[in-house]
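# Structural characterization, general
Chain by chain, the residues:
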Amino acid sequence: MSRYLLRTSLLVLLAGLVGCGSSNNLNTQLVEGVVTLDGQTVDGATVEFIPAENGEGLAASGFTDNAGKFNLTVLNPPEENQVEVGSGTTPGQYQVTVRKAIVAPTPESSSRQTMGKKTYVVPQKYETVRTSGLTATVTEGSNNIQLDLQSK
């Protein structure tokens, strides 16, 4: 009896692991890369990939580490699909934005309604798809995308 219980328990556990595993129903592909500004890596920046065409691809984002490296994760996967952090996004054409700014407190910014002075570490033009001029193509397999930004 205990042998039957042990086998049944193991089968239930294995079925649960298979059902809740990291299946990739969305067909996400690994997307990583490095962000540089005037040849220097940029840490602490936000990188976003926005589908260039409606219905093609899934928006994804990531943050650069101390070496300027980022790994993308789908922003809002459909409810029935779970994605792992750093699992990338789906193949397609993307417009890309990169942003990093520092807000320095000022005497006037002590109240919650006013912000301090905002200094753009990454030029403001890279913040929106209208002005960034950055694009990327995500393909099947691993994608390593270099984002070389210029301050001028």
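Residues numbered from 1 in each chain as written. Predicted model: local features only at pLDDT ≥ 70, side-chain atom pairs only at ≥ 80, totals over all residues. Heavy atoms only, no water.

Right, let's get into the sheet that holds strand 7 (residues 92-99). Read across the sheet, 5 strands follow the order 6-4-3-7-10 without closing on themselves; strand pairing throughout is antiparallel. Here the strands that pair on one side only, and so sit at the sheet edges, are strand 6 (73-74) and strand 10 (134-138). With 5 bridges connecting them, strand 7 and strand 10 associate as antiparallel partners. Paired with Tyr94 across the strands is Ala136, a residue of strand 10. (Pairing = 2+ DSSP bridges. Helix = DSSP H or I, 4+ residues; strand = E, 2+ residues; numbered from the N terminus.)

Our next topic: the side chain of Thr73. Checked against the element boundaries, Thr73 lands in strand 6. Here Thr73 falls in the buried class, since its relative accessible area comes to 16%. Within the structure, the side chain of Thr73 is placed 2.6 Å from the backbone nitrogen of Gly86, a separation counted as a polar contact. Ignoring any residue separated from it by four or fewer positions in sequence, one finds Thr73 in contact with Ala59, Ala60, Ser61, Val83, Glu84, Val85, Gly86, Ser87 and Gly88. (Buried < 20%, exposed > 50% of the residue type's maximum accessible area, 1.4 Å probe, protein only. Polar contact = N/O pair within 3.5 Å; in protein donor to acceptor, adjacent residues only side chain to side chain. Contact = heavy atoms within 4.5 Å.)

The next point concerns the pattern of salt bridges. The final tally for this structure, using the stated rule, is 3 salt bridges. A salt bridge links Lys69 to Glu32; its shortest N-O distance comes to 3.5 Å. Highlighted residues: Lys69 in strand 5 (residues 69-71) and Glu32 in strand 1 (residues 31-37), separated in sequence by 37 residues. The partner of Lys100 in a salt bridge is Asp43, and the shortest N-O contact between them spans 3.3 Å. Here Lys100, found in the loop between strand 7 and strand 8 (101-104), pairs with Asp43, found in the loop between strand 2 (40-41) and strand 3 (46-51); they are 57 residues apart in sequence, far enough to count as distant. (Salt bridge = Lys/Arg side-chain N within 4 Å of Asp/Glu carboxyl O.)

With that out of the way, let us pick up the nonpolar core. Membership of the largest hydrophobic core comes to 21 residues, with the highest contact counts inside it found for Val35, Val47, Phe49, Val96, Val98, Leu147 and Leu149. Of all the secondary structure elements, the ones that give two or more residues to this core are strand 1, strand 3, strand 7, strand 10 and strand 11 (143-149). Contacts of Val35, omitting those with residues within four sequence positions, involve Gln40, Thr41, Val42, Val47, Thr64, Gly68, Phe70, Val98, Leu147 and Leu149. (Core = buried A, V, L, I, M, F, W, Y, C linked by side-chain atoms within 4.5 Å.)

The next thing to look at is unusual backbone geometry. Even without being a glycine, Asn27 presents a positive backbone phi close to 60°. In this fold, Asn27 is placed in the loop between helix 1 (2-19) and strand 1. Using a relative accessible area of 36% as the deciding quantity, one classes Asn27 as partly exposed. Positive phi values are uncommon outside glycine, yet Asp38 reaches one of about 55°.

Residues at a pLDDT of 70 or more form 78% of the protein, whose mean pLDDT is 82. With pLDDT under 50 throughout, residues 1-23 is counted as low confidence; its partners more than four residues away or in other chains account for 2 contacts. (pLDDT = per-residue confidence, 0-100.)

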